[in-house]
Amino acid sequence: MPLARPLILTMLLLSTPAWAAPSVLSRLAPASTRTIQDTLTAFGTVEYAPEHGQTVDVQGEGLLRRVFVAAGQTVHKGDPLIELENTANARLERRNAEIEVEFAGKEVKRLRDLRARQLATNAEVQAADQALAKAQAMLASIRKRLGASPVRTLRADMDGVVEQVMLRAGEIAAPGTPLLRLAQGNRLRVRFGVEPEDIDRIRTGMPVRVQALYTGAKPVTGAVREIYRQVDPRTRLAEVVVPLAGGPGLLANAMVRGEIILSQAQALTVPRSAVLYQQGRPYVFVARQGRAWQRWVRIGQDTGQVIEIRAGLQPGERVVILGNYELKNGMALRLDGGKR
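Residues numbered from 1 in each chain as written. Predicted model: local features only at pLDDT ≥ 70, side-chain atom pairs only at ≥ 80, totals over all residues. Heavy atoms only, no water.

As recorded in an unreviewed UniProt entry, the chain goes by Efflux RND transporter periplasmic adaptor subunit and comes from Thermithiobacillus plumbiphilus. UniProt, in its Sequence similarities (unreviewed entry) section for the chain, records the words "Belongs to the membrane fusion protein (MFP) (TC 8.A.1) family." (UniProt positions renumbered as here; feature names shortened; annotations may be inferred.)

What follows is the structure in structure tokens.
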């Protein structure tokens, strides 16, 4: 009888159904080759491209009587922008120039009369002619700057958007003072702030995905055109400039997020949830013949959705992406539909 108990236990083990063995409900996914990108995220502000804009200024001193436009307003060529009235100083400048022309003309007439009576030289007449021409040119310039009438209207020379209005109605603008800035609405750019330690990783021409931070904006793409190799003292960041074509949903002064694509290549990947760690060392569970087998791997880039596998797996091998935290090496898998 001493052999009866071991024999009974052996028979019980042999008769235990397969479904009673320990298993874990799991989900699988194949290791697959895909394009993986190394990206750098940066944030910036949309602005109008300055090289495609135009500054409207005043050539003669004037009082701003009316401002017809506001920042952000769309204008067309010929639309009125600002109404100016010549100030007393401007009117005095014009009157002095007119007096100079009148005086120079009388002097030319006087010297020519004297020359006809041989009381003046040819050189004196020529000098008077030159003085008259100079006075006339000065008056023509002043009339062009101040306009034909005391009140003049400045109009848009291009189709565009009013980027900025510098002065308000009632203010006096000195000669050369910028009044407003016009920009081409379809010529935008983004100035992205980048950490100084990342600036050497960026090259001109690298593609950039741009997404506005407000709801409803569609993503757009561009490429790095300029890299400013200095740190902004306000933000403590370096800057990268990306020109963009304007489109619906992308507005000037909007905050945007950019993904600068530093590199991209074909790589073997698995879903991020497939990779586990033991003392900092990565591994996955590979499904083979209904069981899970632990496999150490060497990983690369983590995109947030997938992880690059540089060693330890072959394309097409199936890895556990759900239930792997409960698995032990060699444990049976129970998949959807009762399959193992």
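After presenting the structure, the write-up continues.
With that settled, the discussion passes to the overall build of the chain. Counting secondary structure elements, the chain contains 3 helices and 24 strands. Radius of gyration (C-alpha) of the chain: 40 Å, far over the 20 Å computed for a compact globule of 340 residues. Along the first, second and third principal axes, the C-alpha atoms of the chain reach 160 × 40 × 30 Å. Expressed as a percentage of its 340 residues, the buried residues of the chain come to 35%. Taking all contacts inside the chain whose residues are at least 6 apart in sequence as the whole, residues at least 24 apart take part in 73%. As displayed, the chain offers around 20,600 Å² of accessible surface, 53% of which is attributable to carbon and sulfur atoms. Between the centroid of the 47 positive side chains of the chain and the centroid of its 33 negative side chains there is a distance of 10 Å. (Helix = DSSP H or I, 4+ residues; strand = E, 2+ residues; numbered from the N terminus. Rg over C-alpha atoms; globule rule 2.2 N^0.38 Å. Buried < 20%, exposed > 50% of the residue type's maximum accessible area, 1.4 Å probe, protein only. Contact = heavy atoms within 4.5 Å. Areas by Shrake-Rupley, 256 points an atom, 1.4 Å probe, with all protein chains shown as cover. Lys, Arg positive; Asp, Glu negative; His and termini not counted. Charge placed at Lys NZ, Arg CZ, Asp CG, Glu CD.)

A few words now on the pattern of salt bridges. Side-chain pairing between opposite charges can occur once the charged atoms of the two side chains come close. Applying the stated criterion across every chain, the model contains 20 salt bridges. Between glutamate 47 and arginine 189 there is a salt bridge, and its shortest N-O distance comes to 2.5 Å. Residue glutamate 47 is located in strand β3 (residues 32–48), and its partner arginine 189 is located in strand β12 (residues 187–194); the two are separated by 142 residues in the primary sequence. Taking the shortest distance from any N to any O, the salt bridge between lysine 106 and glutamate 102 comes out at 3.5 Å. One end of the pair is lysine 106 and the other is glutamate 102, both in helix α2 (residues 88–116) and 4 residues apart, which spans about a single turn. You can call glutamate 102 partly exposed: its relative accessible area is 42%. Each of Asp38, Asp198 and Arg201 takes part in one network of salt bridges that share partners. (Salt bridge = Lys/Arg side-chain N within 4 Å of Asp/Glu carboxyl O.)

Moving on, we come to the sheet that holds strand β5 (residues 62–67). Pairing is antiparallel across the open sheet formed by 4 strands, whose spatial order is β8-β7-β5-β10. Whereas interior strands pair on both sides, the edge strands pair on one side only; in this sheet they are β8 (151–155) and β10 (172–173). Examined bridge by bridge, strand β7 (residues 80–86) and β8 share 5 bridges and lie antiparallel to one another. Within β8, the residue paired with proline 80 across the bridge is arginine 155. (Pairing = 2+ DSSP bridges.)

The phi torsion at arginine 236 lies on the positive side, around 65 degrees, for a residue other than glycine. Tracing the backbone shows arginine 236 in the loop between β15 (226–228) and β16 (238–245). Look at arginine 236 and you get exposed, because its relative accessible area is 53%. The phi dihedral of glutamine 279 is positive, around 55 degrees, even though this residue is not glycine.

Attention now goes to the packing of aromatic side chains. Ring pairs (aromatic) are described by centroid distance and by the angle formed between their planes. Summed over the entire model, instances satisfying the criterion amount to 2 aromatic pairs. When the centroid spacing of 5.5 Å and the interplanar angle of 70 degrees are considered together, the rings of tyrosine 283 and tryptophan 296 count as edge-to-face. With a gap of 13 residues between them, tyrosine 283 in strand β19 (residues 281–288) and tryptophan 296 in strand β20 (residues 291–296) connect regions that are remote in the sequence. On the accessibility criterion, tyrosine 283 (11% relative accessible area) is buried. Three or more aromatic residues joined by ring pairs form one cluster here, namely Tyr283, Phe285 and Trp296. Between the NZ or CZ atom of arginine 281 and the centre of the ring of tryptophan 296, over which it lies, the distance is 4.0 Å. (Phe/Tyr/Trp six-rings, centres within 6.5 Å; stacked < 30°, edge-to-face > 60°. Lys NZ or Arg CZ within 6 Å of the ring centre and 35° of its normal.)

In the numbering adopted here, UniProt assigns the feature "coiled-coil region" (unreviewed entry) to residues 82–145. Each end of residues 82–145 is marked by a C-alpha atom, and these two atoms are 15 Å apart; helix forms 83% of the span and strand 8%.

This part is about the side chain of glutamate 83. Tracing the sequence through the fold places glutamate 83 in strand β7. Residue contacts for glutamate 83: discarding those within four places in its chain leaves Leu63, Leu64, Arg65, Arg66, Phe68, Val151, Arg152 and Thr153.

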